[in-house]
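An overview of the molecular structure
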Amino acid sequence: MEKNDNALRVALIYDFDGTLSPGNMQEYDFIPAVGKSNSEFWEESNAISAEQDADPILAYMSKMILEARAKGLSLKREAFRDAGRNIVFFEGVRTWFRRVNEYGASRGIEVLHYINSSGIKEIIEGTEIASEFKNIYACSFLYDDQGVAYWPAVGVNYTNKTQFIYKINKGVESVSDSKLVNQYLEEDKRPVQMKHMIYIGDGTTDIPCMRLVDSQGGYAIAVYNPSDPDTYESVRRLIDEKRVSFVCPADYREESPIDHLVKTIIDKIVTDNELKILSGRRFRF
């Protein structure tokens with residue numbers, strides 16, 4: 001699809017684990033490789049966090065490094081990317097991006113896709129859908145001169161996830177940038193206005209982002225695993241607590257509820273923009 005500089009831009013911002021893929025990305029390859037069960041790994045990681053009053057995200061990243069070293073596993077970027085190739089996705093994800101892009105283009109909309117995740121960026125980069133995203137904001141590692149991960153570079157928890165909403169809003173690609181993102185820019189001149197954002201997530205770690213986007217006129221969609229009834233109850237409460245406006249199964253096939261919902265939101269954005277253009281005009285008949 002050719003870029004149209006005059007097109008409205010709509011950002012679809014996704015969490016990853018539980019949103020595009022069932023479970024946690026570490027559970028497909030990394031945790032089995034270190035000889036742990038999923039429950040063992042996360043219980044031990046959470047225990048470290050509680051005992052040392054540490055951020056749970058930094059605790060699990062540290063544990064990944066320690067466990068990999070103990071088992072003699074590679075900690076190079078390529079090894080993490082290889083792990084991403086084993087991740088499975090919810091129904092329809094593989095064709096979702098093309099279909100949404102095509103629908104947006106038919107309505108004069110340029111659709112941009114972003115990841116905003118507490119998972120590992122390098123693993124996401126190895127997935128078959130990585131090329132669909134304009135940017136992937138997620139946890140990542142620092143690497144030594146041998147290309148081996150030795151320390152967390154970025155830890156993305158439920159509160160600092162919101163910083164990436166502002167970066168998308170202002171078109172700031174760099175995680176390390178703290179200057180451009182704080183410069184004043186009128187909302188209607190920003191590359192992606194908040195009211196043109198659609199945030200899709202599955203749980204509590206997404207609540208601050210969902211509330212931020214929703215409060216600024218955007219749209220927050222909570223998804224649940226259609227194969228796991230328990231996940232529905234957890235996201236249904238988000239509606240009752242007025243933290244999101246929509247709940248859908250994580251089924252991205254054509255004509256699914258989320259497919260219909262996102263297309264309807266795109267239609268509304270187009271209509272709202274047309275009304276804004278017409279506002280204040282005088283017509284004679």
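See the structure printed just above.
Now for a look at the structure at hand. Values in this document were obtained by computation on a predicted structure and should not be read as measured data.

**Structural notes on the sheet that holds strand 1 (residues 8-14)**
Overall, mixed pairing links the seven strands, which are arranged 4-3-2-1-5-6-7 in an open sheet. For this open sheet the edge positions go to strand 4 (149-154) and strand 7 (246-249), each flanked by a neighbour on one side alone. Geometrically, the sheet is characterised by an average inter-axis angle of 25° between neighbouring strands, direction not taken into account. This element, helix 8 (residues 207-215), spans strand 2 (109-120), strand 5 (197-201) and strand 6 (219-224) of the sheet and lies at about 155° to strand 5. Contacts from helix 10 (residues 257-278) reach strand 1, strand 2, strand 5, strand 6 and strand 7 within the one sheet, and its direction differs from that of strand 6 by about 175°.

**Thoughts on the environment of Glu186**
Tracing the backbone shows Glu186 in the loop between helix 7 (162-170) and strand 5. Relative accessible area serves as the criterion here: at 37%, Glu186 is assigned to the partly exposed category.

**A word on a nonpolar patch on the surface**
On the surface, Leu142, Tyr150 and Trp151 cluster together to form a nonpolar patch covering roughly 330 Å² of accessible area. The topology assignment puts Leu142 in strand 3 (residues 135-143).

Scoring rules and cut-offs
- Residues numbered from 1 in each chain as written.
- Predicted model: local features only at pLDDT ≥ 70, side-chain atom pairs only at ≥ 80, totals over all residues.
- Heavy atoms only, no water.
- Pairing = 2+ DSSP bridges.
- Helix = DSSP H or I, 4+ residues; strand = E, 2+ residues; numbered from the N terminus.
- Axes fitted to C-alpha atoms, helices over the stretch in contact; angles between N-to-C directions.
- Contact = heavy atoms within 4.5 Å.
- Buried < 20%, exposed > 50% of the residue type's maximum accessible area, 1.4 Å probe, protein only.
- Patch = residues over 30% accessible without salt bridge, like charges linked within 9 Å, V, L, I, M, F, W, Y side chains within 5 Å.
- Areas by Shrake-Rupley, 256 points an atom, 1.4 Å probe, with all protein chains shown as cover.
- Salt bridge = Lys/Arg side-chain N within 4 Å of Asp/Glu carboxyl O.

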